[in-house]
Amino acid sequence: MKVLFIGNSHTYFNDMPKLFSDMCRSLTGEAVEVTMLAYSGRALRWHNKEYFSIRFALLYGGYDYCVIQQMGHPFPGPEATEPEVAALVSLCRMRHTKPVLYMTWAKQDEPERIAEIADAYRTLSEKYDTLLAPVGELFEALRVEHPEINLYWNDGAHASSNAT
């Protein structure tokens, strides 16, 4: 299986694509090849402006899945996210790559924002018929149920190694 990750630091923090590959291998015994196009502080809009690298990767990379992660902090909102998701999903579908929306979480000092983030990802996933990785909702549930576990890195935005 081949998986392309598109996002920013929330995609690469704690070597998340490698952790994903290792987890898949341990659960299925299958080798997973991961590629990452992730740059600090970048929203999907930036990725779509860098169209040729994304286009080339999706059209010629032979990916089975493409994990798409929008900027989490600040989350640009559903109106700004939708056209970017639509463009990436369209590219994915040209080569039968399954798009997966990777839901981010709220900042440590803004837990109330998870509702907006989760709603946007769920709405877009339904509208564009994508798979959804509801990481943000799981992150929030774990934060509420186990406040003794520090899920945040020292910046209050990124996931700590406890969250992986």
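Quick caveat: nothing in here was measured; it's all calculated off a predicted structure. (Residues numbered from 1 in each chain as written. Predicted model: local features only at pLDDT ≥ 70, side-chain atom pairs only at ≥ 80, totals over all residues. Heavy atoms only, no water.)

## Regarding the sheet that holds strand β1 (residues 2–7)
Point 1. One open sheet accounts for five strands, arranged β2-β1-β3-β4-β5; its pairing is parallel. If you trace the sheet from one side to the other, it starts and ends with β2 (33–38) and β5 (131–133), each paired once. Averaged over neighbouring strand pairs, the angle between their axes works out to 20° when direction is ignored.
Point 2. Looking at chain direction, strand β4 (residues 98–102) and β5 are connected through three bridges and run parallel. Bridging across to β5, Leu101 finds its partner in Leu132. (Pairing = 2+ DSSP bridges. Helix = DSSP H or I, 4+ residues; strand = E, 2+ residues; numbered from the N terminus. Axes fitted to C-alpha atoms, helices over the stretch in contact; angles between N-to-C directions.)

## Overview of the layout of surface pockets
Point 1. Here the largest pocket defines a volume of roughly 600 Å³.
Point 2. For the largest pocket, the lining is made up of 25 residues, of which Met16, Tyr102, Val135, Ala163 and Thr164 are closest to its centre.
Point 3. Of all the secondary structure elements, the ones that give two or more residues to the lining of the largest pocket are β1, α2 (16–28), β3 (65–68), β4 and α7 (135–145).
Point 4. Residue classes in the lining of the largest pocket are distributed as 21 nonpolar, four polar and no charged. (1 Å grid on protein atoms, 1.4 Å probe; cavity = no way out; pocket = protein on both sides within 12 Å on 5 of 7 lines; lining within 4 Å. Points joined across faces, edges and corners; volume = space filled by probe spheres on them. Nonpolar A, V, L, I, M, F, W, Y, C, P; charged D, E, K, R; others polar.)

## A closer look at the environment of Lys127
Point 1. Take Lys127: it is sitting in helix α6 (residues 114–127).
Point 2. Relative accessible area serves as the criterion here: at 53%, Lys127 is assigned to the exposed category.
Point 3. Along the sequence, Lys127 and Gly77 sit 50 residues apart, while their C-alpha atoms lie 16 Å from each other. (Buried < 20%, exposed > 50% of the residue type's maximum accessible area, 1.4 Å probe, protein only.)

## Considerations on the side chain of Ser160
Point 1. Relative to the helices and strands, Ser160 resides in the segment after α7.
Point 2. With residues near it in sequence (within four places) discarded, Ser160 still touches Asn14, Asn150, Leu151, Tyr152 and Trp153. (Contact = heavy atoms within 4.5 Å.)

## Re the pairing of β1
Point 1. In terms of burial, β1 is a largely internal element, five of the six residues being buried.
Point 2. By the bridge criterion, six bridges tie β1 to β2 in an arrangement that is parallel. Bridged to Leu4 within β2 is Thr35.
Point 3. In this sheet, β3 lies alongside β1 in parallel orientation, the contact comprising four bridges. If you follow Phe5 over to β3, its bridge partner there is Val67.

## A closer look at the side chain of Ser9
Point 1. For Ser9, the location among the structural elements is in helix α1 (residues 9–12).
Point 2. A distance of 2.6 Å separates polar atoms of two side chains, one belonging to Ser9 and the other to His158. (Polar contact = N/O pair within 3.5 Å; in protein donor to acceptor, adjacent residues only side chain to side chain.)

## Topic: unusual backbone geometry
Point 1. Residue Pro74 is bonded to the preceding His73 through a cis peptide linkage, with omega at 0°.
Point 2. With respect to the helices and strands, the residue Pro74 is situated in the loop between β3 and α5 (78–94).
Point 3. Here Asp15, not a glycine, exhibits a phi torsion of approximately 55°, which is positive.
Point 4. Relative to the helices and strands, Asp15 is located in the loop between α1 and α2.
Point 5. Within the chain, His96 stands out as a residue other than glycine whose phi angle is a positive 60°.
Point 6. In this structure, His96 sits in the loop between α5 and β4.

Geometry only, nothing functional implied.
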